[in-house]
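# Structure assessment
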There are 2 protein chains.
Amino acid sequence: MADALKIGIAGLGTVGASLARILQQRHETLATTCGRAIEIRAVAARNRAKDRGVDLANIAWFEDAVSLASDADIDVFVELMGGAGDPAYSSVKAALQRGIHVVTANKALLAAHGIELAEIAEKHGALLNYEAAVAGGIPVIKVLRESMTGNTISRVYGIMNGTCNYILTKMEKEGLSFEECLKEAQRLGYAEADPAFDIEGNDTAHKLSILTSLAFGTAIAAEDIYLEGITNISIEDIHAAADLGYRIKLLGVAQRTESGIEQRVHPTMVPHDTVIAQVDGVTNAVAIESDILGELLMVGPGAGGDATASAVLGDIADIAKSRPGAQHVPAFGRPAKALLPYKRARMQSHEGGYFIRLKVVDRTGVFANIARHMAENDISLESIMQHSKQYADSAEPKTIILVTHATHEASVRKAIVSIKGEGYLVGEPQVIRIERPKAW
Amino acid sequence: MADALKIGIAGLGTVGASLARILQQRHETLATTCGRAIEIRAVAARNRAKDRGVDLANIAWFEDAVSLASDADIDVFVELMGGAGDPAYSSVKAALQRGIHVVTANKALLAAHGIELAEIAEKHGALLNYEAAVAGGIPVIKVLRESMTGNTISRVYGIMNGTCNYILTKMEKEGLSFEECLKEAQRLGYAEADPAFDIEGNDTAHKLSILTSLAFGTAIAAEDIYLEGITNISIEDIHAAADLGYRIKLLGVAQRTESGIEQRVHPTMVPHDTVIAQVDGVTNAVAIESDILGELLMVGPGAGGDATASAVLGDIADIAKSRPGAQHVPAFGRPAKALLPYKRARMQSHEGGYFIRLKVVDRTGVFANIARHMAENDISLESIMQHSKQYADSAEPKTIILVTHATHEASVRKAIVSIKGEGYLVGEPQVIRIERPKAW
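Remember, predicted model here, so these are calculated numbers, not experimental data. (Residues numbered from 1 in each chain as written. Chains lettered and ligands numbered in written order. Predicted model: local features only at pLDDT ≥ 70, side-chain atom pairs only at ≥ 80, totals over all residues. Heavy atoms only, no water.)

## What to know about the side chain of Asn151 of chain B
Let me state the cut-off plainly: A run of H or I in DSSP counts as a helix once it spans at least four residues, and a run of E counts as a strand once it spans at least two, with each numbered from the N terminus. Note on classification: 1.4 Å probe, protein chains only; a residue is buried when its accessible area is under 20% of the maximum for its type, exposed when over 50%, partly exposed between these limits. In protein, a polar contact requires one atom able to donate a hydrogen and another able to accept it; more generally it is a pair of N or O atoms within 3.5 Å, and residues adjacent in sequence count only if both atoms are side-chain atoms. It only takes one pair of heavy atoms within 4.5 Å for two residues to be counted as in contact.
You can see Asn151 of chain B is positioned in the loop between helix H6 (140-147) and strand E7 (153-159). A residue is classified by how much of its surface remains accessible, and Asn151 of chain B, at 11% relative accessible area, is buried. Among the polar contacts made by the side chain of Asn151 of chain B, one reaches the side chain of Ser310 of chain A at a distance of 2.9 Å. A polar contact is formed between the side chain of Asn151 of chain B and the backbone nitrogen of Ile292 of chain B, at a distance of 3.2 Å. If we ignore the near neighbours within four places in the chain, the residues touching Asn151 of chain B are Arg26 and Ser310 of chain A together with Ser290, Asp291, Ile292 and Leu293 of chain B.

The structure is reproduced here in structure tokens:
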């Protein structure tokens, strides 16, 4: 049997502690499967005294991740601290510069510095593996990077944030408001005390930027993602969606178009009889559409200590099964220098169906006027209706719901501006894009 | 850039021709992604004159696969002929004995000789890759063999035969008989002229035997699979299933139980609100349940020249990215010598719910008598009912449908024997097992 693979773990939170436990408990089985033992030789974490259910005797303890990455006698540096900045960035860079393989679950780091790190990895013959960074236990990185080699991909999309999906599912199932569901998610540990990063869509955007690079062979362009979170979704939207045969999901979508690559994260109406529509709670789902393989959908746990640790372990095992200097696996599918420039397709040119919900004062001719503005902007309507649950004789503002056929984002924005100018709107219009996944 | 990877293809049917075309058309992109060119150096097929849309100039032509595998100057032997016997068996063996990597889509070969071939591959430092052998474009082999390293798997199940799923879907959607749908499947090329291998469940069993080995680290035991095809499924069963909130699918299931590993292929009732129930037509789906990762579901194309070629290409690319002698990837997850013996759990001890449809002569007390036989065999009933679409006063035999709570197969068989002895049954009873997949 080959020499043991020596690993160092920076970060012993939920995922790190879970990984360390699994590596210790399944030491023999892993050695059989990988053809060599995997041994934890060094760790770095803040609090040495904390009981993590892991035996840390005979493991070198480092006060900081950068010195672990720079000095420890290891073959693989496992970064589980998170964050785009230091110490994650410096320590990963330090490890790669020594030719030490890196396994990380850090989507923020990759979204910000992925290509630079891939270049350093390639230069020094090190691998940069990051299965756990996107959609937790779903092996989408490996599938895009390895299984789909040679495919031309047209669209990748998915539910990649468990917090948002939990909130949207709960709003629909229990008829509760966004705020109530967010509080419940925080109580259950599904949402952070500061939930902005999840509910504003940034977390999904980081993950999407990585999938985009892998799928289209382009440089990462996280800052070019059109971003809309779910904070604006009301129970009225959820009900209207249900009435129309849709469910609302926060999707990340990357799509090849004639003008470039469209990357967008926004609440999306998906037909209720598609699989994506049925993915509930903290579960994640990713679909890939390509020309040779066809359409592939994967559903699984998007987060959680064990599921994430499983993905990290798969990455470590891949390194254990390879031999030093033996593999050509560029981090983003192609050598960093061969990645194509990212050409952004502007959101204005996005084409798709739209759900538009307007609150209007009850005045004769409003309905006709709205329809006229739509027609003038070449927007073909699938339906326009007054929301059925309102009494016709009430003096309250009326809700009007429009569903469009495929049209351009620019046209919808223009029509909304014109309608706003008419003075009969109450509050802001709600606009939700419609996406049509394969139904399977 | 490293030297080109030289491949030889045996079998230029739909998949082989598709693979050859893709390798030629995407030569540059593949070279960039893999860090070296992939070049077809030799082919073997029956008819040299046939136009396959592939440029075969400058490619060595072999009349038979064994001489290609034995003599050609290649790094990888791609076997796309099919069949458990020769020439597939001899040629794959000959290649591996020369230390030449093998990529195959041949589930029958692996089900019959997989472990022997894995041993030869390991002895000679060759890789044996077979992503295309199970569920076509769904990368379940890679996920089980690589991504899930370290997981203890409890159940693997799925829809792995497109022909059967097409027939069952069409029977339900169009209310046609099994025979009519089979004919349509043959007309569309979804079923062979001799469809027995698909509709009797053998094809699914071959695939399941491979997944079982990978999932549980055991030797392949294809002959130990409990097997029931779909030829016995009538439109009445489909309608009764729909009334009860189920759909009927041909599932392959491998499951860890207290008494061993249960492997079974049979028509199965699955609750209609699960994703598996919604997988229609020739699409495949595979679900894996494990202790660390949790539950993972993959849905995608199960067959077709391009989808299968994509899986073959992924296997070739993995070899291209590795370097000679550089990897430890035992074909079935563990070194062949370290595979555990397969301990069969007998079908008699299977535990689950059952759907039972009986035709009985219309006689007072039959209902009570059936219920008594069930009770005497400790079978707890979820429901027992006369099929609602019959008139109570008709002299025709009545249909009685029972749905049981979880019980043992042995009890159900005993109860059926007792009921048969009563003399009021018309024809054979229909028994369909119920499976409860995660709903996602």
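And the narrative resumes.
## As for the domain arrangement of chain A
All names here are of chain A. How we decide: The domain limits used here are those given by an automatic or database domain assignment. A 1.4 Å probe defines the accessible area here, and the buried area is the portion of it lost by two parts on being joined, summed over both. When a carboxyl oxygen of Asp or Glu is within 4 Å of a side-chain nitrogen of Lys or Arg, the pair counts as a salt bridge.
By the assigned domains, chain A splits into domain 1 (5-137 + 305-330), domain 2 (141-301) and domain 3 (350-434). Spacing between the C-alpha centres of domain 2 and domain 3 amounts to 26 Å. Across the contact, 18 residues belong to domain 2 and 18 residues belong to domain 3. For the pair domain 2 and domain 3, the two sides together bury roughly 1,400 Å², of which 51% comes from carbon and sulfur. Three residues stand out in domain 2 for area buried against domain 3, namely Glu236, Leu244 and Met269, and they jointly supply 32% of the buried area on that side. Applying the counting criterion to the domain 2 and domain 3 interface returns four salt bridges. Every element with two or more residues in the side of domain 2 that touches domain 3 is listed here: helix H11 (235-244), strand E9 (246-257) and strand E10 (260-271). In terms of residues, the side of domain 2 that touches domain 3 owes the most to one element, E10, which gives six residues.

## Considering the interface of chain A and chain B
Cut-off, in case you're wondering: Put simply, Ala, Val, Leu, Ile, Met, Phe, Trp, Tyr, Cys and Pro go in the nonpolar bin, Asp, Glu, Lys and Arg in the charged bin, and everything else, Gly too, in the polar bin. Strands were regarded as paired on the criterion that DSSP finds at least two bridges between them.
Counting residues at the interface gives 55 residues for chain A and 55 residues for chain B. Taken together, both faces of the contact between chain A and chain B bury some 4,500 Å²; the carbon and sulfur share is 55%. On the surface where chain A and chain B come into contact, there are four salt bridges. Between Asp291 of chain A and Arg26 of chain B there is a salt bridge, with the nearest N and O atoms lying 2.4 Å from each other. Inspection of the region where chain A meets chain B yields 21 residue pairs in polar contact (both at pLDDT 80 or more). When residues in the side of chain A that touches chain B are grouped by element, the largest group, eight residues, is from helix H13 (residues 305-321) of chain A. A breakdown of the residues in the side of chain A that touches chain B according to their chemical character gives 23 nonpolar, 19 polar and 13 charged. Bridge count between strand E12 (residues 295-301) of chain A and strand E12 (residues 295-301) of chain B: three bridges; the pairing is antiparallel. For Met298 of chain A, the partnering residue across the bridge sits in E12 of chain B and is Met298 of chain B.

## Description of the UniProt feature "binding site: NADP(+)" (unreviewed entry) in chain A
Residues and elements named next belong to chain A. The condition is simple: UniProt positions are given in the numbering used here, feature names are shortened, and annotations may be inferred rather than shown by experiment.
As recorded in UniProt, the sites labelled "binding site: NADP(+)" (unreviewed entry) are Ala10, Gly11, Leu12, Gly13, Thr14, Val15, Gly16 and Ala17. Inspection of the secondary structure assignment puts Gly13 in the loop between strand E1 (5-10) and helix H1 (14-25). Mapped onto the elements, Gly16 comes out in helix H1. Setting aside residues no more than four positions away along its own chain, Gly16 makes contact with Gly11 and Leu80.

## Digging into the pairing of strand E11 (residues 283-290) of chain B
Residue and element names in this part refer to chain B. Burial within E11 is extensive, with eight of its eight residues counted as buried. Neither face of E11 is left uncovered, since the one carrying Thr283, Ala285, Ala287 and Glu289 and the one carrying Asn284, Val286, Ile288 and Ser290 both have all their residues buried. Bridge count for E7 against E11 is six bridges, and the pairing is antiparallel. Opposite Arg155, over in E11, you have Glu289 as the bridge partner.

## Section: helix H2 (residues 27-34) of chain B
Residues and elements named next belong to chain B. As a reminder of what qualifies: As used here, the arc is the angular range of directions from the helix axis to the C-beta atoms.
Regarding H2, the residues found buried are Leu30, Ala31, Thr33 and Cys34. Seen along its axis, H2 keeps its buried residues to an arc of 165°; they face one direction. Looking at the buried residues of H2, the elements they touch are helix H1 (14-25), strand E2 (38-44) and helix H13 (305-321). Just downstream of H2, Gly35 is the residue with a positive phi angle, here 80°.

## Some details on the side chain of Arg334 of chain A
Stated formally: Only four residue types enter the charge count, namely Lys and Arg as positive and Asp and Glu as negative; His and the chain termini do not.
Examined against the element boundaries, Arg334 of chain A turns out to sit in the loop between H13 and strand E13 (351-360). Buried charge without a salt bridge: Arg334 of chain A, with Glu28 of chain B as the nearest opposite-charge side chain at an N-O distance of 9.5 Å. What Arg334 of chain A contacts, discounting residues up to four positions off in sequence, is Glu122, Gly217, Leu339 and Leu340 of chain A together with Thr29, Thr32 and Thr33 of chain B.

## Concerning the relation of the copies chain A and chain B
Relating one copy of the chain to the other takes a rotation about an axis and a shift parallel to that axis. Our working rule: Only residues with pLDDT of at least 70 in both copies count here: their C-alpha atoms drive the least-squares fit that superposes the copies.
It takes a turn of 180° to lay chain A on chain B, together with a shift of 0.0 Å along the axis; the resulting RMSD is 0.0 Å. Considering both components of the superposition, the chain copies are consistent with a two-fold axis. Looking at the rotation axis and the C-alpha trace of chain A, the residue lying nearest is Met298 of chain A, at 2.2 Å.

## Digging into the environment of Ile400 of chain B
All names here are of chain B. Mapped onto the elements, Ile400 comes out in strand E15 (residues 398-404). You can call Ile400 buried: its relative accessible area is 2%. Residues Ile400 and Val366 lie 34 residues apart in sequence; the distance between their C-alpha atoms is 9.7 Å.

## Brief notes about the UniProt feature "binding site: NADPH" (unreviewed entry) in chain A
Residue and element names in this part refer to chain A. Look at the UniProt record and you will see "binding site: NADPH" (unreviewed entry) annotated at Lys107. Tracing the sequence through the fold places Lys107 in helix H5 (residues 107-123). The partly exposed category is assigned to Lys107, whose relative accessible area is 24%.

## Quick word on the pairing of E10 of chain A
Residues and elements named next belong to chain A. A large share of E10 lies buried, amounting to twelve of its twelve residues. Strand direction decides the pairing type here: strand E8 (residues 226-227) and E10, joined by two bridges, are parallel. Along E10, the bridge assignment pairs Leu227 with Val265. The sheet contact formed by E9 and E10 spans twelve bridges and is antiparallel. Each residue of the ladder has a partner; that of Ile248, found in E10, is Met269. A loop of two residues connects E9 with E10, the two strands running antiparallel in sequence. Where E10 and strand E17 (residues 430-434) come together, two bridges link them in parallel fashion. Each residue of the ladder has a partner; that of Thr268, found in E17, is Arg433.

## Re the sheet that holds strand E6 (residues 128-129) of chain A
All names here are of chain A. Put simply, the test is: Helix axes are fitted only over the stretch in contact, all axes being lines through C-alpha atoms; the angle between N-to-C directions runs from 0 to 180 degrees.
Taken together, the six strands give an open sheet; going across it, the order is E3-E2-E1-E4-E5-E6, and neighbouring strands pair in parallel fashion. At either end of the open sheet lies a strand with only one pairing partner, and these are strand E3 (60-62) and E6. Pairing between strand E4 (residues 76-79) and strand E5 (residues 101-104): four bridges, direction parallel. Bridging across to E5, Val76 finds its partner in His101. On top of the sheet, H13 reaches E1, strand E2 (38-44), E4, E5 and E6; it is set at about 165° to E5, its chief contact.

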